[in-house]
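Descriptive analysis of the structure
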Amino acid sequence: MNDHDVRRAYGFATRAIHAGQDPDPATGAVNVPIYATSTYAQQDVGVHKGWEYSRSGNPTRAALEACFASLEGARHGLAFASGLAAEDTLMHLLGQGDHVVVMDDVYGGTRRLFSRVLERHGLCFTYVDASKRDQLEAAFTPRTRMVWIESPTNPLMKVVDISDVSRMAHARGARVVVDNTFMSPYFQRPIELGADVSLHSATKYLGGHSDVIFGLVAVHDDALYDELHYLQNAVGGVPGPFDCFLVLRGIKTLAVRMRQHERNALAVARFLAGHPKVVAVNYPGLESHPQHELAKRQTSGHGGMLSFEVEGGTAAARRVVQRTRLFFLAESLGGVESLIELPAPMTHASVPAEVRRELGISDGLIRLSVGIEETDDLIADLEHALA
Ligand SMILES: Cc1ncc(COP(=O)(O)O)c(C=O)c1O
């Protein structure tokens, strides 16, 4: 099945299983083989079947990149050894003195890469609440080349208007990168909304089973793809074929998993919102979320992530995360199993305490990655932990 046909003619769940994944021409195997090879025999100098060296290209990786691009509604996909390797490679598009406007409430590791590593190499970053138009507009400088956002944000679940940010950035000559990890392409496709790059820690929903570290980037523009493809090979942060196989396998069930993640998360959010010991719930799928209408406009669902606060602050929150049995106390997100964590001392520990306070990430904020177990079991587990 021609990739172009797959992209145009079939729905999301079908493309997740078929795009880039014709049966193996040598054997008919219905799964793309794991091409465990670093190099490829050439018929003569420079004469080969299109593959030279696996940092530059590998058939298992190419199948995954094609499938992922199709799901994001983009022409091109690029795979990396981790979400952060993808981020680092993207930042090589920039040079000394270039300026980046960054959503203030991004993943802690992203902020660490920017402020503790890339600033040393002459890149400049301004952190703003990109959900507030005037703050975003004021942050641009003549050297702004990129705007970096997450939507919803991690861990406060703020929603950013991707179309509006893209229009504003493009009018000023800057590219827009959206970290789409929380939504997955099933619920949100940033490129269709006007962004230049959709980035994932595929470690999360795309892989889906908490068994691999992986990054993916989708772009539509051919010239931008050429630049990034060059950097992917030149910088070298590529994944191995075994990991590509795992992510390709994970993606096959993305649609069914995401539907169940969302069903469970909405039920959990409603349960928490009605619990007497819970003082705040952040989930864009709740009508009480301040940007619920925007979330409904730019996504087709609200995903499996949420955060909340309990009465009694940090001590009470620590008791809750120690008492759940099904929700494992662990970092990361997006796997089939439910996870619970405290962002301040865990995923966001690398964000300085005063910055966390300014952002509203209290020490007692609890983040849930709601898995795909039975809904009632998850609610019973939280009920027990809150009792
Ligand atoms: C939203 C988000 N972006 C990027 C990353 C980094 O990805 P990785 O851990 O695959 O390097 C993470 C990791 O937790 C994340 O949550």
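Sequence order as written defines the numbering, with residues in each chain counted from 1. The model is predicted, so local features are restricted to residues of pLDDT at least 70 and side-chain atom pairs to those at 80 or more, both for listing and for counting; the totals for chains, interfaces and linings are taken over all residues. To get the side-chain values, all heavy atoms of the structure are used, and hydrogens and water are removed first.

What follows is about the site of the ligand. In these notes, residues near a molecule or strand are those with any non-hydrogen atom within 4 Å of it. Among the 14 residues in the neighbourhood of the ligand, the closest are listed as Gly83, Asp179, Ser201, Thr203 and Lys204. For the purposes of these results, a polar contact is taken to be a pair of N or O atoms within 3.5 Å, where, inside protein, one atom must be able to donate a hydrogen and its partner to accept one; residues adjacent in sequence count only when each atom of the pair is a side-chain atom. Here Leu84 contributes a backbone N or O atom positioned 3.0 Å from an oxygen atom of the ligand. Here Ser201 contributes a side-chain N or O atom positioned 2.8 Å from an oxygen atom of the ligand. Surface accessibility in these figures is a Shrake-Rupley result with a 1.4 Å probe; residues are shielded only by whichever protein chains are displayed. Here the ligand loses 91% of its free accessible area of 390 Å² to cover by the protein chains. Nonpolar residues are Ala, Val, Leu, Ile, Met, Phe, Trp, Tyr, Cys and Pro. Charged residues are Asp, Glu, Lys and Arg, and all others, Gly as well, are polar. Within the shell around the ligand, the residues separate by chemical class into four nonpolar, six polar and four charged.

Looking now at the packing of aromatic side chains. The aromatic pairing rule takes the rings of Phe, Tyr and Trp, using the six-membered ring of Trp, and pairs them if the centres are within 6.5 Å, calling planes under 30 degrees apart stacked, those over 60 edge-to-face and the rest tilted. Per the counting criterion, the structure on display carries five aromatic pairs. For the ring pair Tyr40 and Trp51, a centre distance of 6.3 Å and an interplane angle of 35° mean the geometry is tilted. With Tyr40 in the loop between α2 (12-18) and α3 (59-72) and Trp51 in the loop between α2 and α3, the pair connects residues that are 11 residues apart, well separated along the chain. Buried means the residue's accessible area, taken with a 1.4 Å probe over protein chains only, is under 20% of the maximum for its type, while exposed means over 50%, and partly exposed covers the values in between. Looking at Tyr40, the relative accessible area reads 15%, which means it is buried. The secondary structure listing takes helices from DSSP runs of H or I that are at least 4 residues long and strands from runs of E that are at least 2 residues long, numbered from the N terminus.

Before going further, it helps to examine the environment of Arg318. Following the sequence through the fold, Arg318 ends up in helix α13 (residues 313-323). When its relative accessible area of 42% is taken as the criterion, Arg318 is described as partly exposed.

All buried positions along α13 are accounted for by Ala316, Ala317, Val320 and Val321. Relative to the axis of α13, the buried residues are bounded by an arc of 135° and lie together on one face. In this description, the arc belongs to the directions extending from the helix axis to the C-beta atoms.

The buried fraction of strand β9 (residues 305-310) amounts to five of the six residues, a majority that puts the element mostly inside the structure. In this sheet, β9 lies alongside strand β8 (residues 278-282) in antiparallel orientation, the contact comprising four bridges. Opposite Ala280, over in β9, you have Glu309 as the bridge partner. Pairing between strands is defined by DSSP: at least two bridges between them are needed. Sheet topology places β9 next to strand β12 (residues 366-369); four bridges connect them, and they run antiparallel. Among the inter-strand pairings, Ser307 is bridged to a residue of β12, identified as Arg367.

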